[in-house]
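Per-entry structural report
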Amino acid sequence: MRIGILTSGGDCPGINATIRGVCKTAINHYGMEVMGIYDGFQGLLTKEVELFTDKSLSGLLSMGGTILGTSREKPFKKGKGIYEGVDKPALIKKNIEELGLDCIVCIGGNGTQKTAAKFTDYGVNIVSIPKTIDNDIWGTDISFGFDSAVSIATEAIDRLHSTASSHKRVMVMEVMGHKAGWIALYSGMAGGGDIILLPEIPFSIDNISQVIKDRTKRGKNYTIVVVAEGINTLLGLRPAEYIAQTIAAETGLETRETVLGYIQRGGAPTPFDRNLSTRLGGHATELIANGIFGHMVAVHGDDIGSVPLKDVAGKLKIVTEDHDLIVQGRRMGVCFG
Ligand code: F6P
């Protein structure tokens, strides 16, 4: 068999480890040929590909980013520029046939899973692997990249404690996560945040301000607020800016904001993410070898299984208020809004 592999959407730690997991298993265990496709679905439009050897897969386990490059090309959206009027799905299907590819492995987030489901309906053999720091892909307990992002955000919060305490300030830190609050919840709790705001839980500025004033009364001279980028804000400000300005106005306390940004997506994956990537990659290749297409590999408890792409596409896995970290956090006095 000859398989193609591509990475699509935002990058995250662990993509290269996943490419390595797929390709080494395919070449060494199943005797398959593997073709790397550059820049996501864009590379299937242009046929920008390269045949991988075992040698081209060296040094990938700990490497950040993606050696294949990525793009947010959506082949089922109307073509623009040189693709104006072009039937992109038909062109891609033709290119896949010309390249002799029996299956495409798509490593990506929610958008990619949607595209992969559409290509399955279009008659292309696809196996996908969930990738995102946001951890918001439906059908899998966890996606690789999340643990690395949480680890980076937690270290940043740890560092805010000492400077917040020295200056007696309220520190507001904004983390990524798109429309889901997973990174804010996990890093906020691991970093000992006092107030954690998630898109899934409505917040009240009055309540937050009261919590901070009460802390001051109890002799707590600083407060750490962790804010997900997806919370609803007014005034067209970034969430951290809005929350920091409002808290300062309501409490009169000195307040500073930090937006962590793309640091959460860069650099080496954690050991947890490396091993998860290796397992997901290996299982994806096993699916292909068994002729099971149209599925996304997925983590269920301690096991790796798979779910049909049609069940995943268009859904979002968000935080629910009965999550144990929220239940235990509330009991300990953490404010969630
Ligand atoms: O999906 C990963 C993510 O980093 C989100 O957390 C964030 O909202 C988004 O991508 C940023 O996208 P871009 O790379 O297009 O700026």
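These figures come from a predicted structure and were not determined experimentally.

Some details on the sheet that holds strand E11 (residues 303–308)
Strand order in the open sheet formed by seven strands is E3-E2-E1-E4-E5-E10-E11, with mixed pairing between adjacent strands. The open sheet has two edge strands, strand E3 (49–51) and E11, and neither has a second partner. Along the sheet, successive strands turn relative to each other by an average axial angle of 25°, direction set aside. One ladder, built from four bridges, connects strand E1 (residues 2–7) with strand E2 (residues 33–37); its direction is parallel. Across the sheet, residue Gly-4 finds its bridge partner in E2, namely Met-35.

Structural notes on the environment of Tyr-83
Structurally, Tyr-83 is set in the loop between E3 and helix H3 (88–98). A relative accessible area of 12% places Tyr-83 in the buried class. Placed 38 residues apart in sequence, Tyr-83 and Leu-45 show a C-alpha to C-alpha distance of 9.4 Å. Setting aside residues up to four positions removed in sequence, Tyr-83 forms contacts with Gln-42, Leu-45, Thr-46, Lys-88 and Leu-91.

As for the packing of helix H6 (residues 182–190) against helix H11 (residues 324–332)
The description of two helices packed together rests on the angle between their axes and the distance between the axes. The interhelical angle for the contact between H6 and H11, taken along N-to-C directions, is 40°, at an axis separation of 11 Å. One way to sum up the angle between H6 and H11 is to call them oblique. Crossing geometry of H6 relative to H11 is assigned as left-handed. Along the contact surface, H6 presents Leu-185, Tyr-186 and Met-189, while H11 presents Leu-325, Ile-326 and Gly-329. Among the residues making up the contact of H6 with H11, the classes are represented as five nonpolar, one polar and no charged.

A few points about unusual backbone geometry
Here Lys-47, not a glycine, exhibits a phi torsion of approximately 60°, which is positive. Its place among the elements puts Lys-47 in the loop between helix H2 (42–46) and E3. For Lys-47, a relative accessible area of 33% translates into the label partly exposed. A positive phi is found at Asn-135, a non-glycine position, where the angle reads about 60°. The topology assignment puts Asn-135 in the loop between strand E5 (126–130) and helix H5 (146–167). Using a relative accessible area of 4% as the deciding quantity, one classes Asn-135 as buried.

Let's talk about the site of the ligand
What surrounds the ligand is the set Arg-72, Ile-133, Asp-134, Met-176, Gly-177, His-178, Glu-229, Tyr-262 and Arg-265. At a separation of 3.0 Å, an oxygen atom of the ligand approaches a polar side-chain atom of Arg-72. Burial of the ligand by the surrounding chains reaches 70%, relative to a free accessible area of 400 Å². Of the residues belonging to the shell around the ligand, the class tally is three nonpolar, two polar and four charged. No fewer than three residues from each of domain 1 (2–145 + 269–312) and domain 2 (149–265) sit in the shell around the ligand.

What about the pattern of salt bridges?
In a structure, side chains of opposite charge can pair up when their charged atoms sit close to one another. For the structure on display, the rule yields 12 salt bridges. We note a salt bridge from Asp-11 to Arg-265, for which the minimum N-O separation is 3.0 Å. One end of the pair, Asp-11, is in the loop between E1 and helix H1 (15–29); the other, Arg-265, is in the loop between strand E9 (255–259) and helix H9 (271–289), with 254 residues separating them in the sequence. Classification of Asp-11 as partly exposed rests on a relative accessible area of 21%.

Re the sheet that holds strand E6 (residues 170–175)
In spatial order, the strands read E7-E8-E6-E9; together these four strands make up an open sheet with parallel pairing. Looking along the sheet, the strands with just one partner apiece sit at the ends: strand E7 (195–197) and E9. Here the strands of the sheet are splayed against their neighbours by 15° on average, with no regard to which way each runs.

What to know about the nonpolar core
Core analysis: the largest hydrophobic core is formed by 77 residues, its most contacted members being Ile-3, Ile-5, Ile-19, Ile-129, Val-172 and Ile-243. No other element matches H5, which puts eight residues into this core. A domain split of this core shows at least three residues from each of domain 1 (2–145 + 269–312) and domain 2 (149–265). Here Ile-5 is in contact with Ile-19, Val-22, Cys-23, Val-34, Met-35, Gly-36, Ile-37, Phe-52, Leu-68, Val-105 and Ile-107, once residues within four sequence places are set aside. Within the second largest apolar cluster, 24 residues are counted, among which are Leu-6, Ile-92, Ala-117 and Val-312.

Definitions and limits used
- Residues numbered from 1 in each chain as written.
- Predicted model: local features only at pLDDT ≥ 70, side-chain atom pairs only at ≥ 80, totals over all residues.
- Heavy atoms only, no water.
- Pairing = 2+ DSSP bridges.
- Helix = DSSP H or I, 4+ residues; strand = E, 2+ residues; numbered from the N terminus.
- Axes fitted to C-alpha atoms, helices over the stretch in contact; angles between N-to-C directions.
- Buried < 20%, exposed > 50% of the residue type's maximum accessible area, 1.4 Å probe, protein only.
- Contact = heavy atoms within 4.5 Å.
- Parallel < 35°, antiparallel > 145°, perpendicular 65-115°, else oblique.
- Left-handed = near helix turned anticlockwise from the far one by under 90°.
- Nonpolar A, V, L, I, M, F, W, Y, C, P; charged D, E, K, R; others polar.
- Near = heavy atom within 4 Å.
- Polar contact = N/O pair within 3.5 Å; in protein donor to acceptor, adjacent residues only side chain to side chain.
- Areas by Shrake-Rupley, 256 points an atom, 1.4 Å probe, with all protein chains shown as cover.
- Domains from an automatic or database assignment.
- Salt bridge = Lys/Arg side-chain N within 4 Å of Asp/Glu carboxyl O.
- Core = buried A, V, L, I, M, F, W, Y, C linked by side-chain atoms within 4.5 Å.

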